[in-house]
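# Report on the structure
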Amino acid sequence: MVDVTPKEPTHRRAVARCKVFMSPETTAAVAHREMKKGDVIAVARVAGIQAAKRTSDMIPLCHPLYIRAVSVNFNIADDHVAVEVQVDTVDRTGVEMEALTAVSVAGLTIIDMVKALDPAATITDIRIDSKSGGKNGDWKRA
C-alpha cells in the first residue's frame, strides 16, 4: 500500500459513469417498475452505495476510507440506462476506485435484474468523468 500518512486530509470527490444497453422493451419495463425481481433502479442504487463502502474489501491495496456521501443516479433512455455515481470523503487519498466500483456494481445489478427478459444486456463505458481534491486538484474528462 502507498503510505498516505504524510498527506493532509482534503475534500475528495469522484464521479463515475457507465451505460447499460438493453432492448427498448426492457428499458420500458425498468422505467415502469414491471420487472419480476422488483424495482431495478432502487435495488441498483442500494447496490452501488454498498459497493462504494466495501471497495477496499475487493480491490487489493486500496485504502479503506470513511465515505461521507454516495449518490447513485439513473437516466433511462430508449435503449439504455445511464448510471452516474458521485462519491465524497475528507481523507488523504482519492475516491476514484470507490466511484468506479459503485458504478460497476450498480450496472451489474441492473444486468442481474433484467437478464431473464434481455440476456443480451451489456455494460459499457465504465469511466471516471471527474475528480477533485488532493495535490493534483481538479480533473475533468474532455
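Scroll up for the structure.
Right, let's walk through the structure included here. From a predicted model like this one, the values you see are computed outputs, not experimental measurements. (Residues numbered from 1 in each chain as written. Predicted model: local features only at pLDDT ≥ 70, side-chain atom pairs only at ≥ 80, totals over all residues. Heavy atoms only, no water.)

### Details of the pairing of strand β4 (residues 122–132)
As defined by bridge partners, strand β1 (residues 10–21) adjoins β4 across eight bridges and the pair is classed as antiparallel. By the bridge assignment for β4, A16 is matched with I128. In terms of strand pairing, β4 meets strand β5 (residues 139–140) through two bridges, oriented antiparallel. Along β5, the bridge assignment pairs S130 with K140. The antiparallel pairing of β4 with β5 creates a hairpin that spans six residues between the two strands, and G133 there sits at a positive phi of about 100 degrees. (Pairing = 2+ DSSP bridges. Helix = DSSP H or I, 4+ residues; strand = E, 2+ residues; numbered from the N terminus.)

### Observations concerning the packing of helix α2 (residues 40–53) against helix α4 (residues 96–114)
Remark: α2 packs on α4, axes separated minimally by 7 Å, with the N-to-C direction vectors making an angle of 150 degrees. Considering how the two elements wind past one another, α2 and α4 form a crossing that is right-handed. Of the residues in α4, those in contact with V40, V43, A44, A47, G48, A51 and A52 of α2 are E98, T101, A102, V105, A106, T109, I110, M113 and V114. (Axes fitted to C-alpha atoms, helices over the stretch in contact; angles between N-to-C directions. Left-handed = near helix turned anticlockwise from the far one by under 90°. Contact = heavy atoms within 4.5 Å.)

### Points about the layout of surface pockets
Taken as a whole, the largest pocket holds about 150 Å³ of empty space. If you trace the largest pocket, you find it lined by K7, R12, T93, G94, E96, K131, G133, G134, K135 and N136. (1 Å grid on protein atoms, 1.4 Å probe; cavity = no way out; pocket = protein on both sides within 12 Å on 5 of 7 lines; lining within 4 Å. Points joined across faces, edges and corners; volume = space filled by probe spheres on them.)

### Digging into the side chain of E98
Summarising the element assignment, E98 is placed in helix α4. Despite its burial, E98 pairs with no opposite charge, the nearest such side chain being R12 at 9.9 Å. Once you skip the residues sitting within four places of it in the chain, E98 turns out to touch A52, T55, C62, H63, L65, I67 and V87. (Buried < 20%, exposed > 50% of the residue type's maximum accessible area, 1.4 Å probe, protein only. Lys, Arg positive; Asp, Glu negative; His and termini not counted. Salt bridge = Lys/Arg side-chain N within 4 Å of Asp/Glu carboxyl O.)

### A short note on empty space enclosed by the protein
Overall, the coordinates contain one cavity of 30 Å³ or more when judged by the stated rule. Space inside the largest cavity adds up to approximately 40 Å³. If you list the elements that add at least two residues to the lining of the largest cavity, you get β1 and β4. When its residues are assigned to classes, the lining of the largest cavity shows one nonpolar, three polar and four charged. (Nonpolar A, V, L, I, M, F, W, Y, C, P; charged D, E, K, R; others polar.)

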